[in-house]
Amino acid sequence: MNREEILNKSLALLKENNYRGTIVLTMGTGKSILSQNVIKEIFPTRVLIVTPRNLLNESWINTLKNYLPEYTNYNIVVKTIKSIYNNSKEYFDQFDLFIFDECHTIDEAYFKPLSIIDKDAKVILLTGTPNKELPFKKNVLYKEFPILIEYYDAQKDGITNKINTYVIQYELSDRYKVESGSTLKRFMVGEKKQYKYLTERYDRASKRMFNIGSTNLISDSIAWLKSDDKEVKSIASEFIGAMNSRRRFLQNLSSSIAYTKLIISNIQKYSNNKILTFHESVESANKISPYAAHGKNPKEYNKELLTKFNNGDIPVLSSVNSLTMGINLVNAKYSIFESFNGSYTSVSQKLHRLSRLNPTDHAVAFFVVPKDTQSSVWMDSNQIDYKVISLLDIKNVL
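Calculation notes
- Residues numbered from 1 in each chain as written.
- Predicted model: local features only at pLDDT ≥ 70, side-chain atom pairs only at ≥ 80, totals over all residues.
- Heavy atoms only, no water.
- Helix = DSSP H or I, 4+ residues; strand = E, 2+ residues; numbered from the N terminus.
- Buried < 20%, exposed > 50% of the residue type's maximum accessible area, 1.4 Å probe, protein only.
- Contact = heavy atoms within 4.5 Å.
- Areas by Shrake-Rupley, 256 points an atom, 1.4 Å probe, with all protein chains shown as cover.
- Lys, Arg positive; Asp, Glu negative; His and termini not counted.
- Charge placed at Lys NZ, Arg CZ, Asp CG, Glu CD.
- Salt bridge = Lys/Arg side-chain N within 4 Å of Asp/Glu carboxyl O.
- Pairing = 2+ DSSP bridges.
- Right-handed = clockwise from strand over helix to strand, strands pointing away.
- Axes fitted to C-alpha atoms, helices over the stretch in contact; angles between N-to-C directions.

Some thoughts on the overall build of the protein chain
Reasoning step 1: Regarding its fold elements, the protein chain presents 16 helices and 15 strands.
Reasoning step 2: Taking the principal axes of its C-alpha atoms as reference, the protein chain extends roughly 65 × 60 × 40 Å.
Reasoning step 3: Per-residue burial over the protein chain gives 53% buried out of 398 residues.
Reasoning step 4: Pairs at least 24 residues apart make up 73% of the contacts formed inside the protein chain by residues separated by at least 6 positions.
Reasoning step 5: Working note: accessible area of the protein chain is about 19100 Å², and carbon and sulfur atoms make up 47% of it.
Reasoning step 6: Computing the positive centroid from 53 side-chain charges and the negative centroid from 42, the protein chain places the two 5 Å apart.

Here is the structure:
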């Protein structure tokens, strides 16, 4: 299928269902174009577009201005879901069409706006996240706004460019140090030694969980924190502490920072294209580039960084979950995952920031993975096709 066929089919299905339903189109297929076609189709109308983040609001407004020349003639408001959460029914009654972008982020905490919108209103939910991650398949949203179409083959069909994924593996060693110890006494210890200690602590905590009947460590530990049984609550708390300590350790490795810098250096030897790096902590992002987009920045500063990166004025831009969902990165060809987690949704969203090249071109993503650690497990759990290469191979895959 080509883009026009997919968008025409999506529009037809929305018409058949009185513009109430969920559209799942993989990133880069044209969800914003579909939205504009809907707006034109039912003009005049009053439209509320709802997104999870301020940066995505800016992206929507810019897209509407660029591709809907008569944008100012339409009554279109763009808001974040948090900003409308406490609004009254009277507020929502102002609008005839509601578009909820990145709807996979709508969990039960944010059902309120959807529950008070008039039942006859036109409500479209949009996402590019694969169905296994869609929370509304497990709750009232799926019943109220059924999935009308699911399409994930944009790369295969040549609608978007291919993204080749590579893993750079390395062995943890004690050459790189990390701070450890108690609040009263801090000291430096090698990364390999510290990981061994944290894993042993995790294994002990896991064993205690299994001994009291756990069948799912994460969900059981969260539930048992509310237990009236002090011992059960203590064991759950111990497990969560051990799990989080190891996770934080893996997401703040000096060795991973060093390898990320080596990858950047190798890319820049053979290409002038800009580079996007992803991190799980602000501290790590700041060590890679003086330009780091994250939630601790003022939103205007993140907007400025995005503009400069798109214009080619920033060679390396680091991000901590700010440049993910729906953000349009112009001609971004290379990304490096310095740290990550086991969330397929998170990794997939970040990977597809590279889906804005010419369909005949290809992008390259690198993951930095310490061998024989939980990071390796996370990498495999994301179900992403990848090839393990060395630093020397980088020039051959750009």
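Comments concerning the environment of Val-388
Reasoning step 1: Here Val-388 lies in strand S15 (residues 387-389).
Reasoning step 2: Taking the C-alpha atoms as reference points, Val-388 and Asp-203, 185 residues apart in sequence, are found 28 Å from one another.
Reasoning step 3: Each residue touching Val-388, except ones within four places of it in the same chain, is listed here: Val-167 and Gln-169.

Some words on the pattern of salt bridges
Reasoning step 1: Per the stated rule, a full pass over the model turns up 11 salt bridges.
Reasoning step 2: Its salt-bridge partner being Glu-171, residue Lys-371 comes within 3.6 Å of it at the nearest N-O pair. Of this pair, Lys-371 sits in the loop between strand S14 (362-370) and helix H15 (374-381) while Glu-171 is found in the loop between strand S7 (162-170) and strand S8 (177-181), placing the two residues 200 residues apart along the sequence.
Reasoning step 3: Classification of Lys-371 as partly exposed rests on a relative accessible area of 31%.
Reasoning step 4: With a shortest N-O distance of 2.7 Å, Glu-200 and Lys-196 are connected by a salt bridge. Pair noted here: Glu-200 and Lys-196 are both in helix H8 (residues 191-211), with a separation of 4 residues, about one helical turn.
Reasoning step 5: Exposure remark for Lys-196: the relative accessible area of 52% places this residue in the exposed category.

Considerations on the pairing of strand S12 (residues 316-320)
Reasoning step 1: A large share of S12 lies buried, amounting to 5 of its 5 residues.
Reasoning step 2: Alternating positions in S12 separate into two faces, Val-316, Ser-318 and Val-320 on one and Leu-317 and Ser-319 on the other, with burial throughout.
Reasoning step 3: Pairing between strand S10 (residues 275-278) and S12: 4 bridges, direction parallel. Following the sheet pairing, Ile-275 is matched in S12 by Val-316.
Reasoning step 4: Pairing of strand S11 (residues 292-294) with S12 involves 3 bridges; the strand directions are parallel. Bridge pairing links Ala-293 to Ser-319 in S12.
Reasoning step 5: Note on the crossover from S11 through helix H13 (residues 299-310) to S12: the handedness is right-handed.

Looking at the sheet that holds strand S13 (residues 334-337)
Reasoning step 1: Strand order in this open sheet of 7 strands is S11-S12-S10-S13-S14-S7-S15, and the pairing throughout is parallel. Sheet topology places S11 and S15 at the edges, where each strand pairs with a single neighbour. Taken over all neighbouring pairs, the strand axes of this sheet differ in orientation by 25 degrees on average, direction set aside.
Reasoning step 2: Examined bridge by bridge, S10 and S13 share 4 bridges and lie parallel to one another. Across the sheet, Leu-276 pairs through a bridge with Ser-335, a residue of S13.

Looking at the environment of Thr-373
Reasoning step 1: Turning to its location among the elements, Thr-373 is positioned in the loop between S14 and H15.
Reasoning step 2: Linking Thr-373 and Arg-246, residues 127 residues apart in sequence, is a C-alpha distance of 9.9 Å.
Reasoning step 3: Excluding its chain neighbours within four sequence positions, the residues that come into contact with Thr-373 are Leu-172, Tyr-195 and Leu-250.

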